[in-house]
Amino acid sequence: MRPDEAPPASSRPSVQVIERMFQLLDALARHDEPVTLKTLAEETGLHASTAHRILNDLVLGRFVERPQPGTYRLGLRLLELGNLVKARLDVREVAIGPMRELHRQIQQPVNLSVRQGDEIIYIERAYSERSGMQVVRAIGGRAPLHLTSVGKLFLAQEDPQRLRAYATRTGLAGNTPNSITQLSALERELAQCRRLGVARDNEELEPGVRCMAAGIYDDQGRLVAGLSISAPANRIDESWLPKLQATAAQISAALGYRDRRG
């Protein structure tokens, strides 16, 4: 298709709906108080029935709220997503310097990961070719929570009911012979994580790769990310653990976290 050609007719409706959705969100953002359907239709130039249909879909997705019949305002889902983006940007910006220093000390890959649903996503990494280890999870890569050291930190904070729900949703599928695929075994592993304050991956995600992880907390005391060291299984060094914990604590402090445990 040439640049000056219009997109196929079949692709236009969905694009048009998205454009109209953005128009309505922008119009709502200009008002501090709930806005009537009539006002939104006038400000966006949309027919009232079209605006009403799109707003109903946005209400279902919690992007828009209907405080009273016929009035609308921006919904809490936008706040949740905004806070999620902010937390990820903040933690990456704060973490990269300490991560590079930790990598300089141990010469092994240092990873920064956050939770997204039933997976972790790698958002930053400090590594070099001198580590002698191929990086198997690039920035933006994902992995199941129960197969990773950082993922276990997040699962260790779940109550029993939510942990069982996770196990049911995912089936606790494994990647290697070392993967934990039974709920009872996972519960024991997570109890140890809570007791020690750190988590480990013993060749559970990738054969020949072991990891250790410590949590990163924000100013509200929430676990927002995990810092992990990856290394060939036969080269993992327990002397790295205090350095890892100190680096995670440094990043947490920069995010405003204050440990109040005595």
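Fair warning: this is a prediction, and the values are worked out from it, not measured in the lab.

Visitor: How should the packing of helix α4 (residues 76-106) against helix α8 (residues 240-254) be read in this particular structure?
Guide: Axes are the key here: two packed helices are described by the angle between their axes and the distance separating the axes. At their nearest, the axes of α4 and α8 sit 9 Å apart, and the two run at 160° to each other. Regarding the angle of α4 to α8, the classification is roughly antiparallel. Where α4 crosses over α8, the two elements pack in a sense that is right-handed. Along the contact surface, α4 presents V91, V94, A95, P98, M99, L102, Q105 and I106, while α8 presents W240, K243, L244, T247, Q250, I251 and A254. Residues belonging to the contact of α4 with α8 are distributed by class as follows: 11 nonpolar, 3 polar and 1 charged.

Visitor: Looking at this structure, how should I read unusual backbone geometry?
Guide: Phi is mostly negative for residues that are not glycine, and the peptide bonds are mostly trans. One non-glycine residue, L172, lies in the positive phi region at around 50°. Structurally, the position occupied by L172 is in the loop between α6 (160-170) and α7 (183-196).

Visitor: What am I meant to see in the side chain of T247 here?
Guide: Positionally, T247 belongs in helix α8. Excluding anything up to four places from it in sequence, T247 contacts P98, M99, L102 and L227.

Visitor: Help me out: how do you make sense of the nonpolar core in this one?
Guide: When a protein is soluble and globular, its nonpolar side chains tend to lie buried together. V91, L112, I216, L227 and L244 are the most contacted members of the largest nonpolar core, which totals 27 residues. Within the second largest apolar cluster, 22 residues are counted, among which are L145, Y166, L172 and L186.

Visitor: Can you help me understand the confidence of the model for the chain in this one?
Guide: As a note on interpretation, predicted positions should not be read in detail where pLDDT is low. On average, residues of the chain score 89 in pLDDT, and 90% of them are at 70 or above. At the level of individual helices and strands, the chain shows its lowest average pLDDT in helix α1 (residues 12-29), which scores 85, and its highest in helix α5 (residues 149-155), which scores 98.

Visitor: Looking at this structure, I do not really get the side chain of R125. What am I missing?
Guide: Looking at where R125 falls in the secondary structure, it is placed in strand β5 (residues 119-126). E124 provides the closest opposite charge to the buried, salt-bridge-free R125, at an N-O distance of 8.1 Å. Looking at R125, its side chain comes within polar contact range of the side chain of N111, at 2.6 Å.

Visitor: What exactly am I supposed to notice about the pattern of salt bridges here?
Guide: Where charged atoms from two side chains of opposite charge approach closely, those side chains can pair. By the definition in use, this model includes 13 salt bridges. For D218, the salt bridge identified is with R222, shortest N-O distance 2.8 Å. What emerges from the salt-bridge pattern is a single network uniting R62, R77 and E80.

Visitor: Would you take a moment to explain helix α2 (residues 37-44) for this structure?
Guide: Because the α-helix completes a turn every 3.6 residues, residues three or four places apart line up on one side. Those residues of α2 that sit buried are L37, L40, A41 and T44. Buried residues along α2 cover an arc of 100° about the axis, so they all sit on one side. Within α2, the exposed residues directed more than 90 degrees away from the buried face are K38 and E42. The first or second residue beyond α2 is G45, which carries a positive phi of 75°.

Visitor: Got a minute to help me understand the environment of I123 in this structure?
Guide: Within the element layout of this structure, I123 appears in strand β5. By relative accessible area, which is 5% here, I123 ends up buried. On a C-alpha basis, the gap between I123 and A249 in space is 18 Å, while along the polypeptide they are 126 residues apart.

Visitor: Looking at this structure, I do not really get helix α3 (residues 48-60). What am I missing?
Guide: Relative to the 18 Å expected for 13 residues at 1.5 Å per residue, α3 spans 18 Å between its end C-alpha atoms, a close match to the ideal helical length. Looking at α3, one finds that the buried residues are T50, A51, I54, L55 and L58. The arc enclosing the buried residues of α3, seen along the axis, measures out at 125°, which places them on a common side. In α3, the exposed positions that point more than 90 degrees away from the buried face belong to D57 and L60. Directly beyond the C-terminal end of α3, a positive phi value near 65° is found at R62.

How each quantity is defined
- Along every chain, residues carry numbers that run from 1 in the direction the sequence is written.
- The model is predicted, so local features are restricted to residues of pLDDT at least 70 and side-chain atom pairs to those at 80 or more, both for listing and for counting; the totals for chains, interfaces and linings are taken over all residues.
- Hydrogens and water molecules were not included; the side-chain quantities draw on all heavy atoms of the structure.
- Angles run from 0 to 180 degrees between N-to-C directions of axes, and those axes are lines fitted to C-alpha atoms, restricted for helices to the stretch in contact.
- Put simply, DSSP H or I for four residues or longer makes a helix, DSSP E for two residues or longer makes a strand, and each gets a number counted from the N terminus.
- When describing relative orientation, an angle under 35 degrees is termed roughly parallel and one over 145 degrees roughly antiparallel, while 65 to 115 degrees is termed roughly perpendicular and anything else oblique.
- Should the near helix be turned counterclockwise from the far one by less than a right angle, the crossing is left-handed, whereas a clockwise turn marks it as right-handed.
- Contacts are residue-level and defined by heavy atoms, with any inter-residue pair within 4.5 Å sufficient.
- Each residue is assigned to one of three groups, with Ala, Val, Leu, Ile, Met, Phe, Trp, Tyr, Cys and Pro labelled nonpolar, Asp, Glu, Lys and Arg labelled charged, and all others, Gly among them, labelled polar.
- What we call a nonpolar core is a set of buried Ala, Val, Leu, Ile, Met, Phe, Trp, Tyr and Cys residues that are connected through their side-chain atoms within 4.5 Å.
- Burial here depends on accessible area, computed with a 1.4 Å probe over protein chains only, as a share of the maximum for the residue type. Under 20% is buried, over 50% is exposed, and the range in between is partly exposed.
- Known as pLDDT, the predictor's confidence for each residue is given on a scale from 0 to 100.
- All tallies of charge rest on Lys and Arg as positive and Asp and Glu as negative; His and the ends of each chain are not included.
- Just to be clear on terms, a salt bridge is a Lys or Arg side-chain nitrogen sitting within 4 Å of an Asp or Glu carboxyl oxygen.
- The definition of a polar contact used here is a pair of N or O atoms within 3.5 Å, where within protein one atom must be able to donate a hydrogen and the other to accept one, and adjacent residues in sequence count solely through side-chain atom pairs.
- The arc in question is the one spanned by the directions pointing from the helix axis to the C-beta atoms.
- Here the expected length of a helix is defined as 1.5 Å per residue gap, with one fewer gap than residues.

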